[in-house]
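Now for the letters of each chain:
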Amino acid sequence: QVQLVESGGGLVQAGGSLRLSCASSGRSFSSYHMGWFRQSPGKEREFVAAIGRSSGTYYGDSVKGRFTISRDNAKNAVYLQMNSLKPEDTAVYYCAAATNFPGKERSNFMYWGQGTQVTVSS
């Protein structure tokens, strides 16, 4: 069982940066694929980024070149560095974990955090 807790959300002006963190409790953090998703009101939960066991990364098209996902297995944590933020990045951001390669599919991630709100003002 994996428990995930996100932090680092907040209010930022357009063009600014935020760094989200996701702390994991439970064993074998390094064996999980980790991902970030986001959801804004009235929209589907959207894939943002993921990082594999060997730290290979991939991103959603809307954040490519602006966001960077990373992990620290010694700290059981995954991070999302968000730069050049836009108002359309406003959403609740969720951390998720998968035991097998999940791709960008939400249904392939079996563990989820409670989310952290990111608001980008124009």
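Placed above this text is the structure.
Please read these numbers as outputs of a predicted model, since none were measured by experiment.

Participant: In this structure, what is going on with the environment of Gln3? I would like to understand it.
Facilitator: Mapping Gln3 onto the fold places it in strand 1 (residues 3–7). What makes Gln3 exposed here is its relative accessible area of 53%. Note: C-alpha distance between Gln3 and Ile51 (48 residues apart in sequence) is 18 Å. Dropping the residues within four chain positions of it, Gln3 is found in contact with Ala23, Ser24 and Ser25.

Participant: How should the packing of aromatic side chains be read in this particular structure?
Facilitator: Describing an aromatic ring pair means giving the distance of the ring centres and the angle of the ring planes. For the coordinates displayed, the defined rule picks out seven aromatic pairs. Ring geometry for Tyr58 and Phe101: centres 5.7 Å apart, planes at 45 degrees, overall tilted. With a gap of 43 residues between them, Tyr58 in strand 6 (residues 57–59) and Phe101 in the loop between strand 9 (91–98) and strand 10 (111–112) connect regions that are remote in the sequence. On the accessibility criterion, Phe101 (59% relative accessible area) is exposed. Counting every residue linked through ring pairs, the aromatic cluster contains Phe37, Phe47, Tyr58, Phe101, Phe109 and Trp112. Just above the ring of Trp112 sits the side chain of Arg45; from NZ or CZ to the centre is 5.0 Å.

Participant: Teacher, can you tell me more about the pairing of strand 4 (residues 33–39) here?
Facilitator: Sheet faces and side chains relate simply in a regular strand, where the side chains alternate between the two faces. Most of strand 4 sits inside the fold, with six of its seven residues counted as buried. Of the strand pairs in this sheet, strand 4 and strand 5 (residues 46–51) are connected by five bridges, and their pairing is antiparallel. Along strand 5, the bridge assignment pairs Trp36 with Ala49. Count of turn residues in the strand 4/strand 5 antiparallel hairpin: six residues, of which Gly42 carries a positive phi of about 80 degrees.

Participant: Could you clarify how one ought to interpret the pattern of salt bridges in this entry?
Facilitator: Oppositely charged side chains are able to pair whenever their charged atoms sit close together. In total, this model carries five salt bridges according to the counting rule given. Residues Asp89 and Arg38 are paired through a salt bridge, measuring 2.8 Å at the closest nitrogen-oxygen approach. Of this pair, Asp89 sits in the loop between strand 8 (77–82) and strand 9 while Arg38 sits in strand 4, placing them 51 residues apart in sequence. Arg38 shares its class with Asp89; the two are buried.

Participant: Can you walk me through the state of the cysteines in this structure?
Facilitator: In protein chemistry, a disulfide is the covalent bond that joins the sulfur atoms of two cysteines. In total, this model carries one disulfide according to the counting rule given. Two residues, Cys22 and Cys95, share a disulfide whose sulfurs are 2.1 Å apart. Given an S-S torsion of about -80 degrees, the disulfide between Cys22 and Cys95 has left-handed geometry. Within this pair, whereas Cys22 is found in strand 3 (residues 18–25), its partner Cys95 is found in strand 9, the two being separated by 73 residues in sequence. Like Cys95, Cys22 is buried.

Participant: Just to check I follow, could you spell out the side chain of Ser24 for this structure?
Facilitator: Here Ser24 lies in strand 3. Residue classification places Ser24 among the buried residues on the basis of a relative accessible area of 12%. Setting aside chain neighbours within four positions, we find Ser24 in contact with Val2, Gln3, Leu4, Phe29 and Asn76.

Analysis parameters
Residues numbered from 1 in each chain as written. Predicted model: local features only at pLDDT ≥ 70, side-chain atom pairs only at ≥ 80, totals over all residues. Heavy atoms only, no water. Helix = DSSP H or I, 4+ residues; strand = E, 2+ residues; numbered from the N terminus. Buried < 20%, exposed > 50% of the residue type's maximum accessible area, 1.4 Å probe, protein only. Contact = heavy atoms within 4.5 Å. Phe/Tyr/Trp six-rings, centres within 6.5 Å; stacked < 30°, edge-to-face > 60°. Lys NZ or Arg CZ within 6 Å of the ring centre and 35° of its normal. Pairing = 2+ DSSP bridges. Salt bridge = Lys/Arg side-chain N within 4 Å of Asp/Glu carboxyl O. Disulfide = S-S within 2.5 Å.

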